[in-house]
Amino acid sequence: MTTNGTWFRLSPMILSNTEYKTCYPVSITIPGNSKLSSNLGANSRVGRSCSSRHNVRNRSFSSGSGFLPENNKENLEAKQELKPLWDDGYGTQTVKDYLEAAKEMIKSDGGPPRWFCPIESGPPLQNSPVLLYLPATSFNKSKLQPFLPLLEVLPEKIDTILPYLLGATLGDPIKMANVINTKNLLTSPAKQIESLILELSSLMTGISSLADILPKQTLIWKLKLLKSAAAYSNSRIHSIKHEVLILASGKDSMLPSKHEAQRLSDLLKNCRVRFFKNNGHTLLMEDGTNLLTVLKGTCTYRRSKRRDPVTDFLPPSMSEFQKAFDHLLGWFRAATSPVTFSTLADGKIVRGLKGVPDNGPVLLVGYHMLLGAEIGSLVEEFLREKNVMVYGMAHPEIFTLNMEEHLQEISGFDYFKVFGATPATSSNFFKLLASKSYVLLYPGGIREALHRKGEEYKLFWPDEPEFVRMAARFGAKIVPFGVVGEDDLVKLFLDYDDLMRIPHVKEMIKRRNQNAARVRVGTEMKGEVSKQDFFVPGFYPKMPGRFYFLFGKPMETKGRGDLVKDKIKANEFYLQIKSDVERSMAYLIKKREEDPYRHLLDRLLYRAISAPVHQVPTFDP
């Protein structure tokens, strides 16, 4: 069905209510529009029994019959895939829209429970999973209002059950009003304040209707219903083995969300928690909460019983890109002002990524700075300049519950997953190359990212060239790269060796890594690179310098069957890659001395009178 040219699907389901002894027609209410009454197919029922003698009361759409026009049937086609930086529409629906829709939805005619289906979303992705949204005391599907434009990628159908009336709005008004500012992160503070005031005014105007939305009698009825439902579920909750994701607010003025999240996480065997300490009861309507980002960051989005990190991955949207790199990491980008160089086929070094191949499969192999500080800048640059998603082969441990606290907030690890972090396994590596993706591989792994004092820019690579053989099987282009700048950012004063000399800390590190996941891509690691223990080094910040990347000349493996079959040839190729990485870092360390804007104060002064951060000049290559 469609209204205003937008397609939606509604799955027939049974809704029983013991208060009703007879059958009623099902009414579908579309927020902001008229009502459409429908039987929802021959097998749909409301109540214990129903027969065809109950006629459906016809209500008309202002925009038409509710069926897809003949000339729009191509809109039915499910999307095959999403491109990076797609427009998810996040922030286009506001609390004002919700309040306006709620006014229409609370108009009761004494009829049955309603089915509501969002139609603002377009056709779903092919083979999309189902999202069934069952509200709690608020019983309010419209809490998803800010997310309706992006839900087309999430569910194939959204079936939302609501009783007579809708729920209350008991959130933080500032956060609820500020949800519209998502796309204005780069505007001036004065413009943001003006936008916030306008939305607050609209919000205050709509609050007068809240008493109609949630009368006292309705609230009492809902709380009684909640009490009986809680007793029923608590007696059976111990038997639940399915994957569960709990979203809890820290400032919920209606329910003890924080304590309930703690209780449930202790009872449920397969449970993750994301805690929003500064949000209120209306979590999904408040600023900064993107439901799709949370699902992706917790690896909850999947199309089958077991999640496939490659085929179930959804690329980041433009709003996620802006949130991550302009809002959350904007200060870091300003502090490090990354400079990227690449090498053309003739050996010429140019600024930007022109020398990196435009088509995959491409394997980026390079040096891992302390704490992986360079990853965000690298991924951002490929998205910004080439609109290409780079899939980073990440240590499997960051995907486990070992990395999470009891009430885990949205973390950097969640954003790693949103922006392409994939568990470093042979099968995932195989799938990514087979799908002609851009893959980021750090052969030095955690040993390199958590190096000791005095080991800056030293490679700790395994002896076996297994990634070369895998790349050659798919004819991937290997691009070695070097990156420098960590020594201008932080000073390391407590490394692994220092910490292991402290008995109590040594025991903590051993206990922490005893059951940690181990990385293995093709072969077991030996020597220094096998020392993959997780720990937190001691360091202090310095006046930031600048990050410099140099991507070397692409190395072709297509037609090189000898790299797959001949171990000696593969090892020679491997050593050449390693040598190119070391040579790139030596080049950058020398050339950065010629950069007039290497130091932060010089860059800040330049930016104050001239260009944005990614256009600050540097040395001539």
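Keep in mind the model is a prediction, meaning the values are calculated, not measured.

**With respect to the overall build of the protein chain**
What the protein chain contains, in helices and strands, is 19 helices and 19 strands. Within the protein chain, buried positions represent 52% of all 621 residues. A fraction of 82% describes how many contacts in the protein chain between residues 6 or more apart in sequence connect residues 24 or more apart. Within the structure as shown, the protein chain displays about 29400 Å² of accessible surface, and the carbon and sulfur contribution to it stands at 55%.

**Focus: the pattern of salt bridges**
All chains considered together, the criterion is met by 28 salt bridges. Close ionic contact of D498 with R501 constitutes a salt bridge, the shortest N to O distance being 2.8 Å. On the basis of relative accessibility, which here comes to 16%, the residue D498 falls in the buried class. Judged by its relative accessible area of 62%, R501 falls in the exposed class. The network of salt bridges with common partners includes D487, D488, R592, E593 and R598.

**Some thoughts on the packing of helix α8 (residues 318-328) against helix α10 (residues 375-386)**
Where α8 contacts α10, the two axes come as close as 11 Å, and the packing angle between them is 130 degrees. As the angle between them shows, α8 and α10 are arranged oblique. Here the hand of the crossing between α8 and α10 comes out left-handed. Facing α8, whose interface residues are F321, F325 and D326, α10 presents G376, E380, L383 and R384. When the residues that make up the contact of α8 with α10 are grouped by side-chain class, the tally is three nonpolar, one polar and three charged.

**Here's the deal with helix α19 (residues 600-609)**
Those residues of α19 that fall on the buried side of the exposure criterion are L600, R603 and Y606. Angular distribution of buried residues about the axis of α19 spans 130 degrees; they occupy a single face of the element. Summarising the geometry of α19, the exposed residues directed more than 90 degrees from the buried face are L601, L605, A608 and I609. Among the structural elements, α9 (330-336) are those in contact with the buried residues of α19.

**As for the packing of aromatic side chains**
Pairs of aromatic rings are described using the distance from one ring centre to the other and the angle between the two planes. In the structure shown here, the tally under the stated rule is 21 aromatic pairs. Just above the ring of Y232 sits the side chain of R236; from NZ or CZ to the centre is 3.8 Å.

**Digging into the confidence of the model for the protein chain**
Averaged over every residue, the pLDDT of the protein chain is 76; residues scoring 70 or more account for 68%. Contacts for the low-pLDDT stretch residues 1-76, under 50 throughout, to residues beyond four places or in other chains number 135 contacts. Residue range residues 137-170 is modelled with pLDDT below 50. Its contacts to residues more than four positions away, or to other chains, number 163 contacts.

**Here's the deal with the side chain of D252**
Relative to the assigned elements, D252 resides in the loop between β7 (244-249) and α6 (257-267). There is a polar contact of 2.5 Å between the side chain of D252 and the side chain of S257. Residues contacting D252, with those up to four places away along its chain left out, are S257, N279, G280 and H281.

**Brief notes about the side chain of E381**
Within the fold, E381 resides in helix α10. Here E381 is buried and forms no salt bridge, its nearest opposite-charge partner R384 lying at an N-O distance of 5.2 Å. Beyond its immediate chain neighbours, meaning those up to four positions away, E381 contacts T340, L353 and K386.

**Considering the pairing of strand β8 (residues 271-276)**
In the case of a regular strand, side chains alternate between the two sheet surfaces. Of all six residues making up β8, six are buried, and the element is well covered by its neighbours. Residue alternation in β8 divides its side chains into two sets, C271, V273 and F275 and R272, R274 and F276, and both sets are buried. In this structure, β7 lies alongside β8, joined through six bridges in parallel fashion. From the neighbouring strand, I246 faces β8, where its bridge partner is V273.

**Regarding the nonpolar core**
If you look at the biggest cluster of nonpolar residues, it comprises 73 residues, and the most contacted ones within it are L364, L378, F419, F467 and F551. It is helix α18 (residues 567-591) that provides the largest number of residues to this core, a total of seven residues. Sequence-distant contacts of F551, that is, excluding residues within four places in its chain, are made with T340, F341, S342, T343, L353, V356, L364, L378, F382, V479, P480 and F481. Formed by 10 residues, the second largest nonpolar core is a distinct cluster that contains I237, A261, F275 and L407.

**Considering a nonpolar patch on the surface**
On the surface, a nonpolar cluster with roughly 380 Å² of combined accessible area is contributed by L371, F493, F539 and Y540. With respect to the helices and strands, the residue L371 is situated in the loop between β11 (362-366) and α10.

**Some words on the pairing of strand β18 (residues 548-551)**
With burial as the criterion, each face of β18 is covered, one bearing Y548 and L550 and the other bearing F549 and F551. Relative to β18, strand β9 (residues 339-343) runs parallel, the two being bridged by four bridges. Bridge pairing in β18 links V339 to Y548. Sheet analysis places strand β15 (residues 477-484) next to β18, joined by four bridges and oriented antiparallel. Each bridged residue has a counterpart across the sheet, and for G482 the counterpart in β18 is L550.

**Digging into unusual backbone geometry**
Backbone phi values are negative for most residues with the exception of glycine, while trans is the configuration of most peptide bonds. The omega torsion across G360 and P361 is 5 degrees, close enough to zero to call that bond cis. With respect to the helices, strands and loops of the structure, P361 is situated in the loop between β10 (349-351) and β11. Positive phi is not limited to glycine here, since C299 has a value of about 55 degrees. Looking at where C299 falls in the secondary structure, it is placed in the loop between α7 (291-297) and α8. By relative accessible area, which is 15% here, C299 ends up buried. Phi angles above zero are rare outside glycine, and L371 is one such case at about 60 degrees.

**Quick notes on helix α14 (residues 466-473)**
Of all eight residues making up α14, six are buried, and the element is well covered by its neighbours. Of the positions making up α14, those classed as buried are F467, V468, R469, M470, A471 and A472. If you follow the buried residues of α14, they end up packed against β11, α12 (426-434), β14 (438-441), β15, α17 (561-565) and α18. Positive backbone phi, at 65 degrees, marks G475, one or two positions downstream of α14.

**A short note on the environment of P396**
Assignment of secondary structure puts P396 in the loop between β12 (390-394) and α11 (412-418). Residues P396 and R518, 122 residues apart in the sequence, show an inter-C-alpha distance of 6.8 Å. Apart from the residues lying within four places of it in its own chain, the contact partners of P396 are A424, A517, R518 and V519.

Definitions and limits used
- Residues numbered from 1 in each chain as written.
- Predicted model: local features only at pLDDT ≥ 70, side-chain atom pairs only at ≥ 80, totals over all residues.
- Heavy atoms only, no water.
- Helix = DSSP H or I, 4+ residues; strand = E, 2+ residues; numbered from the N terminus.
- Buried < 20%, exposed > 50% of the residue type's maximum accessible area, 1.4 Å probe, protein only.
- Contact = heavy atoms within 4.5 Å.
- Areas by Shrake-Rupley, 256 points an atom, 1.4 Å probe, with all protein chains shown as cover.
- Salt bridge = Lys/Arg side-chain N within 4 Å of Asp/Glu carboxyl O.
- Axes fitted to C-alpha atoms, helices over the stretch in contact; angles between N-to-C directions.
- Parallel < 35°, antiparallel > 145°, perpendicular 65-115°, else oblique.
- Left-handed = near helix turned anticlockwise from the far one by under 90°.
- Nonpolar A, V, L, I, M, F, W, Y, C, P; charged D, E, K, R; others polar.
- Arc of directions from axis to C-beta.
- Phe/Tyr/Trp six-rings, centres within 6.5 Å; stacked < 30°, edge-to-face > 60°.
- Lys NZ or Arg CZ within 6 Å of the ring centre and 35° of its normal.
- pLDDT = per-residue confidence, 0-100.
- Polar contact = N/O pair within 3.5 Å; in protein donor to acceptor, adjacent residues only side chain to side chain.
- Lys, Arg positive; Asp, Glu negative; His and termini not counted.
- Pairing = 2+ DSSP bridges.
- Core = buried A, V, L, I, M, F, W, Y, C linked by side-chain atoms within 4.5 Å.
- Patch = residues over 30% accessible without salt bridge, like charges linked within 9 Å, V, L, I, M, F, W, Y side chains within 5 Å.

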